[in-house]
Amino acid sequence: MKSFLVVLALLATPALAEETALRPSARLLFKQPELLKAGSCVIYEEGGSGWVVTEPLYYLKGKVIAAEVRTRHLGVCPQVPGKTMKQYSREEFNRHALAYPCVSPNVPERDEQIGVVRIRVDSWETPHAVKMANAGRLYRGSFIDRKLEKDMEIELEADLLGVCEP
């Protein structure tokens, strides 16, 4: 909770508030303080969409270690000429995912404040089908480009996480 107060004090500084905008992930940390508490159960989910036939739901579940608001420079998103995101290879998709959040080529680069939650991984379910290689951060037992292991630590933007039961 002390870190929450420090972050709040920093955000109240007029110079900092004028220089950078708050992304939804940063605002969420103030609206859902349970994401700030160490030990809280959080879940990151992908899939589950569809009207008639619902896709399987893949997830990564863990416990909060820390949460903070950080200033991050949003550079231009890496692109592969002649390909849409759905046509990316896993390596091309990973390069984009690691750069995110980022801006389109026609948008000026800028600094923004993002809400980052560091979690310790407890469990996960990832897709293995080749067609899922560029569908999300979870794929074949990995989170982006890192092999998932119990108790490993990863960071995600706060607005990508939901609160769960342990």
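Residues numbered from 1 in each chain as written. Predicted model: local features only at pLDDT ≥ 70, side-chain atom pairs only at ≥ 80, totals over all residues. Heavy atoms only, no water.

Asks: Just checking my understanding: could you explain the state of the cysteines for this structure?
Replies: By definition, a disulfide links the sulfur atoms of two cysteine residues through a covalent bond. If you walk through the whole model with that rule in mind, you get two disulfides. One disulfide bridge connects C77 with C102, the sulfur atoms lying 1.9 Å from each other. Measuring the twist about the S-S bond at about 100°, one finds the C77-C102 disulfide to be right-handed. Remark: C102 occurs in the loop between α4 (90-99) and β4 (110-125) and C77 occurs in the loop between β3 (57-74) and α4; sequence separation between them is 25 residues. C77 gets classed as buried once you look at its relative accessible area, which sits at 13%. When the bonded cysteines of the protein are counted from the start of the sequence, the pairing works out to 1-4, 2-3. (Disulfide = S-S within 2.5 Å. Helix = DSSP H or I, 4+ residues; strand = E, 2+ residues; numbered from the N terminus. Buried < 20%, exposed > 50% of the residue type's maximum accessible area, 1.4 Å probe, protein only.)

Asks: I'm lost on the confidence of the model for the protein in this one. Help?
Replies: A low pLDDT score tells you not to read the predicted coordinates there in detail. Looking at the protein as a whole, the pLDDT averages 83, with 80% of positions reaching at least 70. Confidence drops under a pLDDT of 50 for residues 1-18, and excluding neighbours within four residues, the segment shows 16 contacts in the predicted structure. (pLDDT = per-residue confidence, 0-100. Contact = heavy atoms within 4.5 Å.)

Asks: What exactly am I supposed to notice about the sheet that holds strand β5 (residues 138-139) here?
Replies: Adjacent strands of a sheet form backbone hydrogen bonds with each other and so pair up, either parallel or antiparallel. With antiparallel pairing, three strands are arranged side by side in an open sheet as β5-β6-β7. Each edge of the sheet is formed by a strand with only one pairing partner; in this case those strands are β5 and β7 (146-147). (Pairing = 2+ DSSP bridges.)

Asks: Just checking my understanding: could you explain the layout of surface pockets for this structure?
Replies: If a probe as big as a water molecule is rolled over the atoms, it shows which places are left empty. Considered as a void within the structure, the largest pocket measures approximately 400 Å³ in volume. Surrounding the largest pocket, 21 residues form its lining, R72, Y100, E155, L156 and E157 being those nearest its centre. Of all the elements in the fold, those that place two or more residues in the lining of the largest pocket are β3, α4, β4 and β8 (153-157). Top element by residues in the lining of the largest pocket is β8. It accounts for five residues. A per-class count over the lining of the largest pocket returns eleven nonpolar, one polar and nine charged. (1 Å grid on protein atoms, 1.4 Å probe; cavity = no way out; pocket = protein on both sides within 12 Å on 5 of 7 lines; lining within 4 Å. Points joined across faces, edges and corners; volume = space filled by probe spheres on them. Nonpolar A, V, L, I, M, F, W, Y, C, P; charged D, E, K, R; others polar.)

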